[in-house]
Amino acid sequence: MHFADRKATRRVCSPAEDRQPGPMDLPFLILVLTLVGFGLIMLYSASSAVALYRKNDAYAYIRPQLLYAALGLVGMYIASRVDYHIFHKFAWPLMLISVVLLAVVLVMPEYNGCKRWIVLPGIGTLQPSEIAKFAVVLTFSHIIALNHTEMQSFWVGVVPFAVVLGVVAALMLLEPHLSGTLLILGIGAVLMFVGGTGLRWFVLAGVGGGAAIAAAVVLLPDLVPYAQDRLSSWLDPFADPLGDGHQTIQSLYAIGSGGATGLGLGNSRQKHLYVPEPQNDFIFSILCEELGFLGACLVVLLFVLLLLRGMTIAVHAPDKFGSLLVVGFTVQVALQAALNIAVVTNTIPNTGISLPFFSSGGTSLMMLLGEMGIVLSVSRHGTQ
C-alpha cells in the first residue's frame, strides 16, 4: 500500500498548486451563513423557557452558542484561506486523537444514560464523536486520493476503511451512540463508493455488517435492551406516554400544532417543559410548531441546496482529494439533518442526533464551520 507515498502526494496536489486560488464560492457561503443565522434565532426561541427553568437565565444556551458561532466563523474563514492539501498531513494524527478521545469518553459520567461528552472543568464539554466525523472524512479522502487507481483491490479498497470504521464504530456503540455510528458508517460508505471501491465489496460489507450486529448482541449485552427500548417506543410511543414514548409524543404534538404557517416565532407551547431537550435533538419540532409546514420546508430546502451546491464544488474540484473532502463534509451535513428530521417526526427510532447548525452544542457547531471552511478552500482552487 502507498499511504505515505510522497510521489503520489505530489501528483495529487500539483493541479491545484499550479493554479492561482480564486474567490470562494459565494452561493455556498451564503447558504452556510443563512443556516447559522437561522439556527441561532431558532435556538434562542426554543431554549429560552427551559434555560430560565433550569438555570434561571433565558440566555443560558444561546449565549455560549453565539461565542461558538463567532469562533467557528473565524475558523471557517481561516480554513477557507488555507490550501486544503495541507490536511493530508493531519489525516492519521487526527484519527489517532479521535480514537483516544472516544476511549476517554467511556470513563466520563453518564448523561441521559449515555457517555458522549468529556467534561472540561471551567470550559465546558467536548463531544469526541464530532471530531471523529471530521477525522473519518479526512482519513478516507487521504487514503483514496493516494490509492485511487487501486480501489478495486480488497487490500486497498476495503481493508483500511473497514479497520478504521470498525474501531470507531465499536467505541461509539459502547457510549452508546447508535445514530452517530450509523452516520459515520454512512459517510464512510459514500466516500468508498465515490472513491471507486468495487461494488462486490459492498455486498461483502453487508454480510460483515450483519455479523457485526450479531457480535454486538453477544459481546455488548447492555446495548440490546437500549436498542429494544428505542424500537418499542418508536413502534408505539403511546404505550409508555410518561416514559420512553414521552419525547416522541410531545414532539408530534408540537409538529401538529404548527399547521401550515405555525403559531409564530417565539410562541411555541411545547417548549415550556413539555418537549425534553427542545434546545438540542428536538429543536426541529419547536421550529415546526412556531413556523409551521412552510418553515419546515424552508429548512429542508436549505439543506438540500447546501448538498447540491457542495456536489457542484466537488465536480469542479481540481483533484481527487479536494473532491472527496467536499463530498464527505456536505454528505455528513445532509445525512445528519435527514436523520434528525426522521427521528423528530418518528419516521425512524429515536437515536439521539442533533440538527446541524440548529441544535445547541459548541463542538458540533465549530467543527461544522471548520469543515465548511475547507469546502470553501476547495472552491477557491477549483475550476469555475
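Scope of this entry: the structure provided in the associated data block.

As for the overall build of the protein chain
Then step 1. Scanning the protein chain from N- to C-terminus turns up 14 helices and 2 strands.
Then step 2. A total of 384 residues make up the protein chain; the buried ones form 51% of that total.
Then step 3. Looking at the protein chain alone, contacts between residues at least 24 apart form 75% of all its contacts between residues at least 6 apart.
Then step 4. For the protein chain, the computed accessible surface area is about 16,900 Å², with 69% contributed by carbon and sulfur atoms.

Topic: the packing of helix H4 (residues 91-104) against helix H7 (residues 159-173)
Then step 1. Remark: H4 packs on H7, axes separated minimally by 9 Å, with the N-to-C direction vectors making an angle of 25°. Looking at the two axes, H4 sits roughly parallel to H7. Note on packing geometry: the crossing formed by H4 with H7 is left-handed. Residues Trp 92, Met 95, Val 99, Leu 102 and Ala 103 of H4 touch H7, and the partners they reach there are Val 164, Val 167, Val 168, Leu 171 and Met 172.
Then step 2. For the contact of H4 with H7, the per-class residue count stands at 10 nonpolar, no polar and no charged.

Overview of the side chain of Lys 271
Then step 1. On the secondary structure map, Lys 271 appears in the loop between helix H11 (246-258) and helix H12 (283-315).
Then step 2. Here Lys 271 falls in the buried class, since its relative accessible area comes to 4%.
Then step 3. A distance of 2.7 Å separates the side chain of Lys 271 from the backbone oxygen of Ser 45, its partner in a polar contact.
Then step 4. Once residues lying within four places of it in the same chain are set aside, the contact partners of Lys 271 are Ser 45, Ala 46, Ser 48, Ala 49, Val 50, Gly 266, Pro 278, Ile 286, Glu 289 and Glu 290.

Some details on the packing of aromatic side chains
Then step 1. According to the stated counting rule, one finds 8 aromatic pairs in the structure shown.
Then step 2. For the ring pair Phe 140 and Phe 161, a centre distance of 4.8 Å and an interplane angle of 70° mean the geometry is edge-to-face. Of this pair, Phe 140 sits in helix H5 (residues 128-147) while Phe 161 sits in helix H7; the two residues are 21 residues apart in sequence, bridging distant segments of the chain. As far as burial versus exposure is concerned, Phe 140 and Phe 161 are alike and both buried.

A word on the environment of Tyr 61
Then step 1. Of note, Tyr 61 is situated in the loop between helix H2 (26-55) and helix H3 (62-81).
Then step 2. In this structure, the C-alpha to C-alpha distance between Tyr 61 and Ser 48, residues 13 residues apart in sequence, is 7.7 Å.
Then step 3. Within the structure, the side chain of Tyr 61 is placed 3.1 Å from the side chain of Arg 54, a separation counted as a polar contact.

Remarks on the side chain of Glu 289
Then step 1. As for its position among the elements, Glu 289 is in helix H12.
Then step 2. The side chain of Glu 289 is buried and forms no salt bridge, while Arg 269, the nearest opposite charge, is found at 4.6 Å.
Then step 3. Setting aside anything within four residues of it in sequence, one finds Glu 289 in contact with Ala 254, Ser 257, Gly 258, Gly 262, Leu 263, Ser 268, Arg 269, Gln 270 and Lys 271.

Section: a nonpolar patch on the surface
Then step 1. The grouping of Leu 298, Val 300, Leu 301, Val 304, Leu 305 and Leu 308 at the surface amounts to a nonpolar patch, some 470 Å² of accessible area in total.
Then step 2. Assignment of secondary structure puts Leu 298 in helix H12.

Things to note about the pattern of salt bridges
Then step 1. One pass over the full model with this rule turns up 5 salt bridges.
Then step 2. For the salt bridge of Asp 25 with Arg 309, the shortest nitrogen-to-oxygen distance reads 2.7 Å. Taken together, the residues Asp 25 in the loop between helix H1 (6-17) and H2 and Arg 309 in helix H12 connect sequence positions 284 residues apart.
Then step 3. Looking at Asp 25, the relative accessible area reads 11%, which means it is buried.
Then step 4. Residues Asp 57 and Arg 63 are paired through a salt bridge, measuring 2.9 Å at the closest nitrogen-oxygen approach.
Then step 5. A relative accessible area of 47% means that Arg 63 is categorised as partly exposed.

Basis of the calculations
- Residues numbered from 1 in each chain as written.
- Predicted model: local features only at pLDDT ≥ 70, side-chain atom pairs only at ≥ 80, totals over all residues.
- Heavy atoms only, no water.
- Helix = DSSP H or I, 4+ residues; strand = E, 2+ residues; numbered from the N terminus.
- Buried < 20%, exposed > 50% of the residue type's maximum accessible area, 1.4 Å probe, protein only.
- Contact = heavy atoms within 4.5 Å.
- Areas by Shrake-Rupley, 256 points an atom, 1.4 Å probe, with all protein chains shown as cover.
- Axes fitted to C-alpha atoms, helices over the stretch in contact; angles between N-to-C directions.
- Parallel < 35°, antiparallel > 145°, perpendicular 65-115°, else oblique.
- Left-handed = near helix turned anticlockwise from the far one by under 90°.
- Nonpolar A, V, L, I, M, F, W, Y, C, P; charged D, E, K, R; others polar.
- Polar contact = N/O pair within 3.5 Å; in protein donor to acceptor, adjacent residues only side chain to side chain.
- Phe/Tyr/Trp six-rings, centres within 6.5 Å; stacked < 30°, edge-to-face > 60°.
- Lys, Arg positive; Asp, Glu negative; His and termini not counted.
- Salt bridge = Lys/Arg side-chain N within 4 Å of Asp/Glu carboxyl O.
- Patch = residues over 30% accessible without salt bridge, like charges linked within 9 Å, V, L, I, M, F, W, Y side chains within 5 Å.

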